[in-house]
Amino acid sequence: MDRLHGFPQPFPDESLYSLAVRYHRLLSNDSYRRTSQELFGVYSRTCGSILPCCLGALSQRLASAYSVEQLIDRFTLLPLYEPFLNDSKSRAARVAMTGNDGTGLKMSLGITASGFLKHASFRYCERCVEEDIQHCGSAYWHRIHQASGTCICPLHGEVLRGTTFPDGADWRCMLFPAEVAGSPVMQSLGGPAADEVSEMQFWGLEHPADVRNLLAKNFLGHRLDEMGFLKAGRVRLQALKSFLTPRLLCSPSGNEFEVLSCSWEWVLGVVRPRRMVVQPLKFYFLCWLLEVGLEHLKSFHPQADICSGEATKGSDTGAPVEESEIEARRQAFSSSKNVKCHEKPGYHWLYRHDRNWLAQYVSGHPFIRRITGLDDWAARDEALSRDLLIARDQILFSLGKPQKVTRAALSRRVAHSQDFLRMPDKCPISTLLMSDMLESDHDHQVRKIRWAARQYLLSKRSALSVVYRFAGIRLSHVTEEEVLDILSVAGELR
Ligand SMILES: [Zn+2]
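Cut-offs applied
Residue positions are given per chain, counted from 1 along the sequence in the order it is written. Local features in a predicted model are, by the rule used here, given only for residues with pLDDT of at least 70; side-chain atom pairs are given and counted only at 80 or more, and totals for whole chains, interfaces and linings are based on all residues. Neither water nor hydrogens contribute to the side-chain values; these are computed over all heavy atoms in the structure. At least two DSSP bridges between two strands are needed for those strands to be called paired. In DSSP terms, a helix is any run of H or I states spanning at least four residues, a strand is any run of E spanning at least two, and both are numbered starting from the N terminus. Exposed residues in this analysis have more than 50% of their type's maximum accessible area, buried residues have under 20%, and partly exposed residues fall in between, with area computed by a 1.4 Å probe over protein chains only. What makes two residues a contact is simply this: any of their non-hydrogen atoms within 4.5 Å. A fitted line through C-alpha atoms represents every axis, and for helices the fit uses only the stretch in contact; the resulting angles, taken between N-to-C directions, go from 0 to 180 degrees. These descriptions rest on fixed angle ranges, namely under 35 degrees for roughly parallel, over 145 for roughly antiparallel, 65 to 115 for roughly perpendicular, and the rest for oblique. Residues are grouped as follows: nonpolar covers Ala, Val, Leu, Ile, Met, Phe, Trp, Tyr, Cys and Pro; charged covers Asp, Glu, Lys and Arg; every other residue, Gly included, is treated as polar. Counted as donors are N, O and S atoms no farther than 2.8 Å from the metal, or 3.2 Å for Na, K and Ca; water is not among the atoms, and sites may therefore look incomplete. Here the metal geometry follows the donor angles, with tetrahedral for four donors whose angles all fall between 85 and 135 degrees, square planar for four and octahedral for six when opposite donors are more than 155 degrees apart and every other angle is between 65 and 115, and irregular for all the rest. For the purposes of this description, domain bounds are those given by an automatic or database domain assignment. Here a salt bridge means any side-chain nitrogen of Lys or Arg lying within 4 Å of a carboxyl oxygen belonging to Asp or Glu.

This next bit is on the sheet that holds strand S1 (residues 122-124). Spatial strand order, S1-S2-S3: three strands in an open sheet with antiparallel pairing. The sheet is open, and its two borders are formed by S1 and strand S3 (183-184), each paired with just one other strand. With three bridges joining them, S1 and strand S2 (residues 161-163) adopt antiparallel strand pairing. Within the sheet, the bridge partner assigned to Arg-123 lies in S2 and is Gly-162.

Of note, Asp-354 is situated in the loop between helix H20 (347-353) and helix H21 (355-364). Overall, the relative accessible area of 9% leaves Asp-354 in the buried class. Every residue in contact with Asp-354, bar those within four places of it in the chain, is listed here: Ile-326, Arg-330 and Trp-349.

With that settled, consider the packing of helix H4 (residues 68-75) against helix H6 (residues 87-98). Contact geometry of H4 with H6 gives a least axis separation of 10 Å together with a crossing angle of 105 degrees. As judged from the angle between their axes, H4 and H6 are roughly perpendicular. Contacts between H4 and H6 involve Val-68, Glu-69, Ile-72 and Asp-73 on the former and, on the latter, Arg-94, Met-97 and Thr-98. Counted by class, the contact of H4 with H6 contains three nonpolar, one polar and three charged residues.

Moving on, we come to the coordination of the zinc ion. Each pair of donors in an ideal octahedron of six around a metal sits at 90 or 180 degrees, and each pair in an ideal tetrahedron of four sits at 109.5 degrees. For the zinc ion, the full set of protein donor atoms is Cys-125 (SG), Cys-128 (SG), Cys-153 (SG) and His-156 (ND1), at a range of 2.1 to 2.3 Å. One way to put it: the four donor atoms around the zinc ion meet at angles of 104 to 113 degrees, and that makes the site tetrahedral. Within one chain, the residues donating to the zinc ion are spaced in sequence as C-x2-C-x24-C-x2-H.

Attention now goes to the environment of Arg-272. Secondary-structure assignment places Arg-272 in the loop between helix H15 (266-271) and helix H16 (280-289). Using a relative accessible area of 37% as the deciding quantity, one classes Arg-272 as partly exposed. As a C-alpha pair, Arg-272 and Arg-474 span 202 residues in sequence and 45 Å in three-dimensional space.

Assigned domains of the protein: these are domain 1 (1-216 + 240-278), domain 2 (309-364), domain 3 (377-439) and domain 4 (442-493). Between domain 1 and domain 2, the C-alpha centre-to-centre distance is 43 Å.

Enumeration over the complete set of coordinates arrives at 19 salt bridges. Glu-82 is the partner of Arg-94 in a salt bridge, and the nearest nitrogen-oxygen pair spans 2.7 Å. Residue Arg-94 is located in helix H6, and its partner Glu-82 is located in the loop between helix H5 (78-81) and H6; the two are separated by twelve residues in the primary sequence. Side by side, Arg-94 and Glu-82 carry an identical accessibility label, which is buried. Residues Glu-295 and Lys-298 are paired through a salt bridge, measuring 3.8 Å at the closest nitrogen-oxygen approach. Of the two residues, Glu-295 and Lys-298 both sit in helix H17 (residues 294-298), three residues apart, roughly one turn of that helix. Take Glu-295: its relative accessible area is 54%, and that puts it in the exposed class. Salt bridges sharing common partners tie together Glu-69, Asp-73, Glu-82 and Arg-94.

Next up, the structure:
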């Protein structure tokens, strides 16, 4: 076995693939096959993966300058996933990455089933490229940029670009970032969610032990309890759904977020994972949905187990409780409105530690049930109209081939849509607005042709049948003149 000479010094947060590219270029190798043979002793099909294999062989060739554990921890994305794995899954992943056969690795970690992989690309940040060239002498692939759900650079807050390798090639052409121009992975900045999720994932990747600690101390359970979404240790599904639905509407709609923003049910799999592996993106995105930011994650130090009423009933350890904590619990409890006392955050904790105060509070604040049927329909109509406008924009600005603005597509994105579909008389503004928004076949086809012209660089010389095929149009509702007009405008914009 040959020892390696001239292996590059790693840059901060550099991926293993990036090191392989730099090695390849340093030695002016003529093919990936040669580079792989030199680095791994075999032809590795996983060098470009976020979870590459053959690391045992690489460690040996580096004369143990890096142990396999160090290679995994520093240059792969396993540390992002590991806090969510049990010991046996984590061990099995490391064994697979040490050896030469990674078959089934992504499947066993739930990555294949997550549906995120279809959005994966080799991503880079233009500002990082500039700064890396300036400070390190070379651009390189950052590990965090390749994580599912990282669409914004956590260092610069800029939308990442996804690489399309030339001539249908793949990562084996061993390019540096930005050597071929990539396209933005999001059309706009994607709002605070994309930004904060990137930041949290970056922190999670670098602090797996802290994330494991958060999970061990049931961080999400505490958060749900704080927000009043637990009742006797169980999740109050309807309340949680009502809270999450409008927030999901404001979340990024493209890329990996597309899988998450269309429904809220996946949240239950994160809160109660059972035997499934929670995808890091789902955990951090749920944190954002529950109004948790990176600072919350860093500063989480639970004083007592408040999260599970059923599990902790009668488990008072008798340990003294700080005054300040009692005060904070009282404050959280008394500021929660419109729910019955025993459903308010921290009820069980106060019952155990501060029963006299609790009894006094409860007797002085009888719960008055809201009378249903007297709902403010005007306010609801107004809120629905706002949601409809957001939904229309989400459809119009979603990535990929344009979707049609239909009644069903709008309804899917709007909370309580059934209300006004069933009772249009009570929601006159929303009803009118929706009928105004619906897109005709003609308008939808115009958008599809514009999109195809941009996407496939169609010109006025393109045959009409080709344009229709790329735009996905079978029966045309546009005139030939209109198509030519669109193509010539698209050509001028290029
Ligand atoms: Zn950057």
